[in-house]
Amino acid sequence: MSNLRILVATKRVVDYAVKIRVNAAGSAVETANVKHSMNPFDEIGTEQAIQIKEALVKAKTGTAEVIVVSCGPAKSQETLRTALAMGADRAIHVESDEELQPLAVAKLLKAIVEKEKPDMVILGKQAIDDDSNQTGQMLAGLLNWPQATFASKVELGDKLMTVTREVDGGVETVKAPLPAILTTDLRLNVPRYASLPNIMKAKKKPLAKFTVADLGVDIKPRLQTLKIAEPPKRQGGKLVESVDDLVDKLKNEAKVL
Ligand code: AMP
């Protein structure tokens, strides 16, 4: 095994614990004054890249450089610093205040891949804000690279990855030559917390910045959101007196029997 370069895509999203609200205009999710964090699947991606590096170093068979990249507004740098504090080596911020749909992100990541020439790009299976589950697949298509999505286990061989994937009703194992795209599923690992000394060290790690214009990418949205609405409010439950009463209500009120 030689030295690897791993690029990890990390998105800043509304924190998974925040109760999502629709904005007053009904046009988007409210993001003002709301806690943001790294997309949970990207924490798993960052952890996986660091674990690959640590395993190579421990086995004395090589090492890996872990580069994290985020596209979005200036605050995306907070997400990048978190990834650096977890153990990534350096970061790249592609700054944009425009809406970035998955195709735009995939094109920006392709431009970064062409600069950095990584052996592997790790993305989350989906961003928990848009739930698109598209960016990794689109990047693989644009680069014409093999992809293994929804990974729950990864083993690296010589210029090859063996990936166990979560599929309906079971798991599937696939092999792909590197360079390749990997997208993470929940069971791949449990991401580490950054320690305070590592948070301090992360402030000094390199963070390169690019604009969309630097990369010459067309980020024009291809999809238009027509409306965003809250799900209908749940109705309160009812206590029934007997099984007969229950059957009657299921038949005549709920009309499900
Ligand atoms: P999506 O296709 O939007 O569900 O996102 C899937 C994955 O693509 C995320 O888990 C990230 O790894 C990556 N990704 C999406 N948007 C961005 C972004 N703005 N910056 C960096 N990575 C992103």
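Residues numbered from 1 in each chain as written. Predicted model: local features only at pLDDT ≥ 70, side-chain atom pairs only at ≥ 80, totals over all residues. Heavy atoms only, no water.

Caption draft 1: The overall build of the chain, seen in detail. Counting secondary structure elements, the chain contains seven helices and eleven strands. With the principal axes as the frame, the chain shows a C-alpha extent of 70 × 40 × 40 Å. With 257 residues in all, the chain has 40% of them scored as buried. Contacts spanning at least 24 positions in sequence make up 69% of the contacts within the chain whose residues lie at least 6 apart. Carbon together with sulfur atoms contributes 53% to the accessible area of the chain, which is approximately 14900 Å² in total. (Helix = DSSP H or I, 4+ residues; strand = E, 2+ residues; numbered from the N terminus. Buried < 20%, exposed > 50% of the residue type's maximum accessible area, 1.4 Å probe, protein only. Contact = heavy atoms within 4.5 Å. Areas by Shrake-Rupley, 256 points an atom, 1.4 Å probe, with all protein chains shown as cover.)

Caption draft 2: Focus on the packing of helix 3 (residues 102–116) against helix 4 (residues 135–143). In contact at an axis separation of 9 Å, helix 3 and helix 4 are set at 50° when each is read in the N-to-C sense. Classed by the angle they form, the pair helix 3 and helix 4 counts as oblique. With respect to the hand of their crossing, helix 3 and helix 4 are arranged in right-handed fashion. Of helix 4, the residues touching helix 3 (which contributes Pro102, Leu103, Val105, Ala106, Lys107, Leu109, Lys110 and Val113) are Thr135, Met138, Leu139, Leu142 and Leu143. Of the residues in the contact of helix 3 with helix 4, the class split is ten nonpolar, one polar and two charged. (Axes fitted to C-alpha atoms, helices over the stretch in contact; angles between N-to-C directions. Parallel < 35°, antiparallel > 145°, perpendicular 65-115°, else oblique. Left-handed = near helix turned anticlockwise from the far one by under 90°. Nonpolar A, V, L, I, M, F, W, Y, C, P; charged D, E, K, R; others polar.)

Caption draft 3: The pairing of strand 4 (residues 64–72), seen in detail. Along strand 4, eight of the nine residues are buried, which leaves the element largely enclosed by surrounding structure. Bridge count for strand 1 (residues 4–9) against strand 4 is six bridges, and the pairing is parallel. Across the sheet, the residue bridging to Val8 is Val68, located in strand 4. Summarising the sheet, strand 4 and strand 5 (residues 90–95) pair through six bridges and their orientation is parallel. (Pairing = 2+ DSSP bridges.)

Caption draft 4: Highlighting helix 4. Along helix 4, the residues classified as buried are Thr135, Gly136, Leu139, Ala140 and Leu143. Summarising the axial view, the buried residues of helix 4 lie within an arc of 135°, below the 170-degree limit, and thus occupy one face. Residues of helix 4 that are buried make contact with helix 3, strand 6 (120–124), strand 7 (147–157) and strand 10 (180–184). Phi for Asn144, located one or two positions after helix 4, is positive at around 60°. (Arc of directions from axis to C-beta.)

Caption draft 5: View of unusual backbone geometry. Residue Pro179 is reached from Leu178 by a cis peptide bond, and omega for that bond is 0°. With respect to the helices and strands, the residue Pro179 is situated in the loop between strand 9 (170–177) and strand 10. For Asn33, which is not glycine, the phi torsion reads 55° and is therefore positive. Considering the arrangement of structural elements, one finds Asn33 in the loop between strand 2 (12–14) and strand 3 (36–38). Under the relative-accessibility criterion, Asn33 is labelled exposed at 84%. Positive phi, normally seen in glycine, also occurs at Asn133, with a value near 55°.

Caption draft 6: Spotlight on empty space enclosed by the protein. Inspection of the entire model under this criterion finds one cavity of 30 Å³ or more. Every residue along the wall of the largest cavity is listed here: Val14, Val18, Lys19, Ile20, Arg21, Val29, Glu30 and Val34. Residue composition of the lining of the largest cavity, grouped by class: five nonpolar, no polar and three charged. (1 Å grid on protein atoms, 1.4 Å probe; cavity = no way out; pocket = protein on both sides within 12 Å on 5 of 7 lines; lining within 4 Å. Points joined across faces, edges and corners; volume = space filled by probe spheres on them.)

Caption draft 7: Focus on the site of the ligand. Asp42, Cys71, Ala127, Asn133 and Thr135 are the nearest of the 18 residues found near the ligand. One of the backbone nitrogen or oxygen atoms of Ala9 is found 3.0 Å away from an oxygen atom of the ligand. Asp42 places a side-chain nitrogen or oxygen 2.6 Å from an oxygen atom of the ligand. With the chains in place, 99% of the 480 Å² that the ligand exposes on its own is no longer accessible. Structurally, the ligand is housed in the largest pocket. Counting only elements with at least two residues in the shell around the ligand, the list comes to strand 4 and strand 6. Here the residues of the shell around the ligand are counted per class, giving six nonpolar, nine polar and three charged. (Near = heavy atom within 4 Å. Polar contact = N/O pair within 3.5 Å; in protein donor to acceptor, adjacent residues only side chain to side chain. Sits in = over half its atoms within 2 Å of the grid points.)

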